[in-house]
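# Architecture and fold: a report
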Amino acid sequence: MNRITKGTEGELIVPDQPVIPYITGDGVGKEIIPAMMKIVDTAIRKVYGTKRQIKWKEVLAGENAFKQTGSWLPVETLEKFDQCMVGIKGPIDTLVSDDARYLNEHFCQLLNLTECVRPIRWYIGVTAPIIAPEKVNITVFRKSAEDTFSGIEWEASTAQTNKICEFLKDEMGVTSLQNTENVALGIKYVSKDSIRQLVKDACQYALDNNMPSVTLVHKSNTLPYTEGSFRNWGYELMKSEFADAIVSKRLIVKECSVDTFMQNSLFCPEEYSLVVAMSLTGELIANQLAAMIGGAAIVPEANINYTTGKAVFQATHGALTSLAGKNIANPCSITLSAAMMLSYMGWQEAADLITRSLEHCFEDARAPFDLARYMPRGIPVSTTEFTHDVIERINNG
């Protein structure tokens, strides 16, 4: 049995040679995925010798899948990720056509990957736009779907949009729709059960990782029935299931509006450790935090269902098609996501070795172009050269 499974106590059971499915994806995926795999394989060999090894299995999604199979997301791909429980994916170009607009979100929905997790921290040697980037060490938990990421929207001036506008005015008494001739519509929704699960998983993650606080970030003053419900349901869950941790102050509970968080995170990021938000808000604050420590290129990401144990790790950036084939793509995000995957599997020593080796490259001012150009004495290197540099440091580590 080479598949990861889940034990009776909810723990992951990881064999020494697990099958890990991967999606190369579009654009720079063809360069960063092989780079990541070489780095990961080297770190595993260095730490565990021949005892452990990943059995990589490629599956298809995105434009490449469409060209080969006629499907943007083949059933076989979903089945393989479902069977293996843990996998990793390169960037998918979701702007290829209308059929693929919500491919990433659809992927998460079909696999029931309920939460997106981004740990964001600064790495020594990386130039950042704030004075003290080392104070940023924040993990963002957000919904993988629902909210404005649900894909429920309609283009302007269509029969469906006109019909909904008429319904809102005539049946629901909405008076704020002044002009309905050129109106595009989208539905933002939030469900109680999913929010309670999100907050529960975030609180448990904080306790498991000795994180001092959990902060609910929302926009309830403007959207009291969606963002406000998120806040209220979150508080209800915390009080009912984490009362002891809160009373003992092992877990500090906070909340603030997204406006306040955006400002506070610039001046005093050390006041936050784990942040929970709905999909759009979480995406925006995660992107700001990433910019504060040097960019999304050094931020990992995972979509996880902590109940089933299924998880897919991925780069935070898009396909970057304009950079494809030039050997200048930055493999750091997907590599750090792979390290996050190893940590999730319990292979922490290999995960730490990868992270240290990347940071040593940054300390030496050797980095892909998009990072090196901002470093004092930065030495921009190709994707191939950077991969070699990281591997060399792993072997010497």
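Now for a quick tour of the structure. Because the structure is a prediction, the values reported are computed rather than measured.

On to the overall build of the chain. On a plain count of helices and strands, the chain comes out with 14 helices and 16 strands. For 397 residues, the compact-globule estimate of 2.2 N^0.38 gives 21 Å, and the C-alpha radius of gyration of the chain, at 22 Å, lies within 12% of that figure. With the C-alpha coordinates aligned to their principal axes, the bounding extent of the chain is approximately 70 × 55 × 50 Å. Per-residue burial over the chain gives 52% buried out of 397 residues. Looking at the chain alone, contacts between residues at least 24 apart form 74% of all its contacts between residues at least 6 apart. By element, 50% of the accessible surface of the chain is carried by carbon and sulfur atoms, the whole surface being about 18,300 Å². Taking the average place of the 38 positive charges on the side chains of the chain and the average place of its 47 negative ones, the gap between the two points comes to 5 Å.

Attention now moves to the packing of aromatic side chains. For the structure shown, the criterion picks out 10 aromatic pairs. Geometrically, the ring pair formed by F81 and F107 is edge-to-face, given 5.4 Å between the ring centres and 85° between the ring planes. Placement of F81 in helix α3 (residues 75–84) and of F107 in helix α4 (residues 103–110) is noted, with a sequence separation of 26 residues between them. Neither residue differs from the other here; F81 and F107 are each classed as buried. With 6.1 Å between their ring centres and 15° between their planes, F141 and Y306 make a pair best called stacked. Highlighted residues: F141 in strand β7 (residues 137–143) and Y306 in the loop between β13 (300–304) and β14 (311–315), separated in sequence by 165 residues. Among the residues examined, F141 registers a relative accessible area of 0% and is labelled buried. Over the aromatic face of Y48 sits the side chain of R52, whose NZ or CZ is 4.5 Å from the ring centroid.

Our next topic: helix α14 (residues 383–396). If you check α14, its first and last C-alpha atoms are 20 Å apart, about what 14 residues at 1.5 Å a residue would give, namely 20 Å. Looking at α14, one finds that the buried residues are T383, F386, T387, D389, V390, I391, R393 and I394.

The next subject is the nonpolar core. One finds W56, V276, L342 and F362 to be the most contacted residues of the largest nonpolar core, which totals 99 residues. Dropping the residues within four chain positions of it, W56 is found in contact with I20, Y22, M36, M37, V40, D41, I88 and M341.

This part covers the packing of helix α12 (residues 348–363) against α14. Their axes nearest at 9 Å, the elements α12 and α14 cross at an angle of 120°. Classed by the angle they form, the pair α12 and α14 counts as oblique. Between α12 and α14 lies a crossing whose hand is right-handed. Listed contacts from α14 to L353, I354, S357, L358, H360, C361 and F362 of α12 are F386, D389, V390, R393 and I394. For the contact of α12 with α14, the per-class residue count stands at eight nonpolar, two polar and two charged.

Quick look at the sheet that holds β14 now. Pairing in this open sheet of 10 strands is mixed, and the strands run β4-β3-β5-β14-β13-β6-β7-β12-β10-β11 from one edge to the other. Looking at which strands have only one partner, the edges of the open sheet turn out to be β4 (55–59) and β11 (252–257). The mean angle between the axes of side-by-side strands here comes to 25°, regardless of whether they run parallel or antiparallel. In this sheet, strand β12 (residues 274–277) lies alongside β7 in parallel orientation, the contact comprising four bridges. Across the sheet, F141 pairs through a bridge with V276, a residue of β12. Packed on one face of the sheet, helix α7 (residues 227–241) meets β10 (213–218), β11 and β12 and runs near 160° to β10. Those strands touched by helix α9 (residues 258–267) are β10, β11 and β12, and its axis lies near 105° from that of β11.

Per the counting criterion, the structure on display carries one cavity of 30 Å³ or more. If you add up the space inside the largest cavity, you get close to 30 Å³. Lining the largest cavity are F81, D82, M85, L111, L113, K310, A311 and V312. Elements with a contribution of two residues or more to the lining of the largest cavity: α3 and β14.

Each value, and the rule that gives it
Residues numbered from 1 in each chain as written. Predicted model: local features only at pLDDT ≥ 70, side-chain atom pairs only at ≥ 80, totals over all residues. Heavy atoms only, no water. Helix = DSSP H or I, 4+ residues; strand = E, 2+ residues; numbered from the N terminus. Rg over C-alpha atoms; globule rule 2.2 N^0.38 Å. Buried < 20%, exposed > 50% of the residue type's maximum accessible area, 1.4 Å probe, protein only. Contact = heavy atoms within 4.5 Å. Areas by Shrake-Rupley, 256 points an atom, 1.4 Å probe, with all protein chains shown as cover. Lys, Arg positive; Asp, Glu negative; His and termini not counted. Charge placed at Lys NZ, Arg CZ, Asp CG, Glu CD. Phe/Tyr/Trp six-rings, centres within 6.5 Å; stacked < 30°, edge-to-face > 60°. Lys NZ or Arg CZ within 6 Å of the ring centre and 35° of its normal. Expected span 1.5 Å × (residues − 1). Core = buried A, V, L, I, M, F, W, Y, C linked by side-chain atoms within 4.5 Å. Axes fitted to C-alpha atoms, helices over the stretch in contact; angles between N-to-C directions. Parallel < 35°, antiparallel > 145°, perpendicular 65-115°, else oblique. Left-handed = near helix turned anticlockwise from the far one by under 90°. Nonpolar A, V, L, I, M, F, W, Y, C, P; charged D, E, K, R; others polar. Pairing = 2+ DSSP bridges. 1 Å grid on protein atoms, 1.4 Å probe; cavity = no way out; pocket = protein on both sides within 12 Å on 5 of 7 lines; lining within 4 Å. Points joined across faces, edges and corners; volume = space filled by probe spheres on them.

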